[in-house]
Amino acid sequence: MSILDLAGASQSTVSFVTNYGHRLYSDDFVHQLDACFSDGNFYDNQTNPRKVEQFLAGALTFEEGSFDGALVWDTLQFLSAPLLQIVVERLHRILRPGSCLLAFFHSEEKIDTIPTYSYRISDHRNIMLVERGRRRPAQFFNNRSLEKLFQEFQSVKFFLTRDHLREVIVRR
Amino acid sequence: MWNRRKDEEFALKPASAPPTSSALAKEGIPMSTLPGRTNEPHFDNPRGSAVLGKSVIVKGQIFSREDLTIDGEVEGTVELQEHRLTVGPNGKVIAGIKAREVVVLGTIHGNVETTDKIDIRKDAKLLGDIRTARVVIEDGAYFKGNIDIVRAEVAKPQPAPKPQPVASATAPAAGTHNIAAAAGGGDLKR
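One structure accompanies this document, and this report is about it. (Residues numbered from 1 in each chain as written. Chains lettered and ligands numbered in written order. Predicted model: local features only at pLDDT ≥ 70, side-chain atom pairs only at ≥ 80, totals over all residues. Heavy atoms only, no water.)

### Re the overall build of chain B
- Secondary structure assignment for chain B yields three helices and eleven strands.
- In chain B, the succession of helices and strands from N to C terminus is α-α-β-β-β-β-β-β-β-β-β-β-β-α.
- Across the 190 residues of chain B, 31% fall into the buried class.
- Carbon and sulfur atoms make up 54% of the accessible area of chain B, which totals about 13,500 Å². (Helix = DSSP H or I, 4+ residues; strand = E, 2+ residues; numbered from the N terminus. Buried < 20%, exposed > 50% of the residue type's maximum accessible area, 1.4 Å probe, protein only. Areas by Shrake-Rupley, 256 points an atom, 1.4 Å probe, with all protein chains shown as cover.)

### Some details on the packing of helix α2 (residues 29–37) of chain A against helix α4 (residues 49–58) of chain A
All names here are of chain A.
- Axis separation between α2 and α4 bottoms out at 9 Å; the angle between their running directions is 150°. As far as their axial angle goes, α4 and α2 are roughly antiparallel. The hand of the α2/α4 crossing is right-handed. Within the contact between the two elements, α2 uses Phe29, Gln32, Leu33, Cys36 and Phe37 and α4 uses Lys51, Val52, Gln54, Phe55 and Gly58. (Axes fitted to C-alpha atoms, helices over the stretch in contact; angles between N-to-C directions. Parallel < 35°, antiparallel > 145°, perpendicular 65-115°, else oblique. Left-handed = near helix turned anticlockwise from the far one by under 90°. Contact = heavy atoms within 4.5 Å.)

### Details of unusual backbone geometry
- With a phi angle near 55°, A:Trp73 is a residue other than glycine that sits in the positive phi range.
- Within the element layout of this structure, A:Trp73 appears in strand β3 (residues 67–73).
- Of the residues examined, A:Trp73 reaches a relative accessible area of 1% and is grouped as buried.
- Positive phi, close to 70°, is recorded for B:Asp123, a residue that is not glycine.
- Tracing the chain through its elements places B:Asp123 in the loop between β7 (112–120) and β8 (125–127).
- On the accessibility criterion, B:Asp123 (57% relative accessible area) is exposed.

### Description of the packing of aromatic side chains
Residue and element names in this part refer to chain A.
- Per the stated rule, a full pass over the model turns up 14 aromatic pairs over all chains.
- Arranged with centres 4.9 Å apart and planes meeting at 90°, the rings of Phe62 and Phe67 form a pair that is edge-to-face.
- By relative accessible area, which is 18% here, Phe62 ends up buried.
- By relative accessible area, Phe67 is classed as buried at 3%.
- Look at Phe104 and Tyr119: their rings are 5.3 Å apart centre to centre, the planes differ by 65°, and that puts the pair in the edge-to-face class. Of this pair, Phe104 sits in strand β4 (residues 95–106) while Tyr119 sits in strand β5 (residues 114–121), and the two are 15 residues apart along the sequence. Judged on exposure class, the residue Phe104 and its partner Tyr119 are both buried.
- When the ring centre of Phe42 is taken as reference, the NZ or CZ atom of Arg135 above it lies at 5.4 Å. (Phe/Tyr/Trp six-rings, centres within 6.5 Å; stacked < 30°, edge-to-face > 60°. Lys NZ or Arg CZ within 6 Å of the ring centre and 35° of its normal.)

### Here's the deal with the interface of chain A and chain B
- In this assembly, 15 residues from chain A lie in contact with 14 residues from chain B.
- Summed over both sides, the interface between chain A and chain B buries roughly 1,400 Å², with carbon and sulfur atoms accounting for 44% of that surface.
- Of all residues in chain A, A:Gln11, A:Arg23 and A:Tyr25 give up the largest surface area on contact with chain B, accounting jointly for 34% of the area buried on that side.
- Counting the contacts that link chain A with chain B gives three salt bridges.
- A salt bridge links B:Lys144 to A:Asp27, with the shortest nitrogen-to-oxygen separation between them at 3.9 Å.
- At the boundary of chain A and chain B, one finds eight residue pairs in polar contact (both at pLDDT 80 or more). (Buried area = accessible area lost by both parts, 1.4 Å probe. Salt bridge = Lys/Arg side-chain N within 4 Å of Asp/Glu carboxyl O. Polar contact = N/O pair within 3.5 Å; in protein donor to acceptor, adjacent residues only side chain to side chain.)

### Section: the pattern of salt bridges
- Taken as a whole, this structure holds 13 salt bridges over all chains when the rule is applied.
- Linking A:Arg135 and A:Asp34 is a salt bridge whose minimum nitrogen-to-oxygen distance equals 2.9 Å. On the criterion of sequence distance, the pair formed by A:Arg135 in strand β6 (residues 127–135) and A:Asp34 in helix α2 is long-range, its members being 101 residues apart.
- A residue is classified by how much of its surface remains accessible, and A:Asp34, at 24% relative accessible area, is partly exposed.
- Taking the shortest distance from any N to any O, the salt bridge between B:Asp148 and B:Arg131 comes out at 3.1 Å. With a gap of 17 residues between them, B:Asp148 in strand β11 (residues 142–149) and B:Arg131 in strand β9 (residues 130–132) connect regions that are remote in the sequence.
- For B:Asp148, a relative accessible area of 17% corresponds to the buried category.

### A word on the side chain of B:Asp148
- A distance of 3.1 Å separates a polar atom in the side chain of B:Asp148 from a polar atom in the side chain of B:Arg131.
- Beyond its immediate sequence surroundings of up to four residues, B:Asp148 is in contact with A:Arg23, B:Ile130, B:Arg131 and B:Thr132.

So this is what it looks like as structure tokens:
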């Protein structure tokens, strides 16, 4: 199988996935967002056509049906609505039918900034979270808005954790 | 009985003390006038490997039959089939790479294929697909690309050769059987 991991390369995730004999494509999506949009206002820049074009030229530019699974983690929270729509469309395109996508969304709407993490799979039961600071999310999502976001996909399942985190498993 | 003082003097004298410049000048040994490189960033540079220094720029193909360290810029292809490539902290390689082992401390843009190991150190940057038997990624390294781990094939035990039809009556049938059994049995024990 071929797995897409957007948390950035870590030894533990690489070992976990490749020990099962799967192939892993690793990218640090938040790093890529910062490289394109952090010069000035992060979210205003995401409406700048030139910067968006530059970002999309290097983001998720894979052939249709390239992956059997995607670990998106919490990255989608930092995309403004129009860009988010394009990225989700691309994820839909590059995932094979029947494959799954894992995403996290913070559910605590009262706080201004949320912690961002580097997610590392330790074993089949544990994920290690390495904090990378805090940032303001583009928007907060409830179950209804998530269903709408992934409406092109086959199914969406939600799991609300104790840490105000909504774990979402989406089937293509 | 023993001249202790002389012994102590002998012991205190450093065995590999570098000769002074005046001493070397007296002996007529040529000396380098280049300034010492004590402030350079240090990284593993095993003795005997070829080095492309940080002010060297190469465009084209590199084939090496020894370990190579690149601390400059290379654009093209790099092949060291049985050897180790080290991309130093100042190194920038825009190339497809084939080697036994690759250690990255600088930047690589290109696909990397090794038969043994790829070691991506802290602050290193690798953009490209990697195909290797083992990979080590330190915290703080940036990697973007496909990771394809190629497991070394375990030698499968050879099945015992089928007994060949005896061509002539003089062929030692029992001997043939023993050889086949020994070969098969030995492999199975492993």
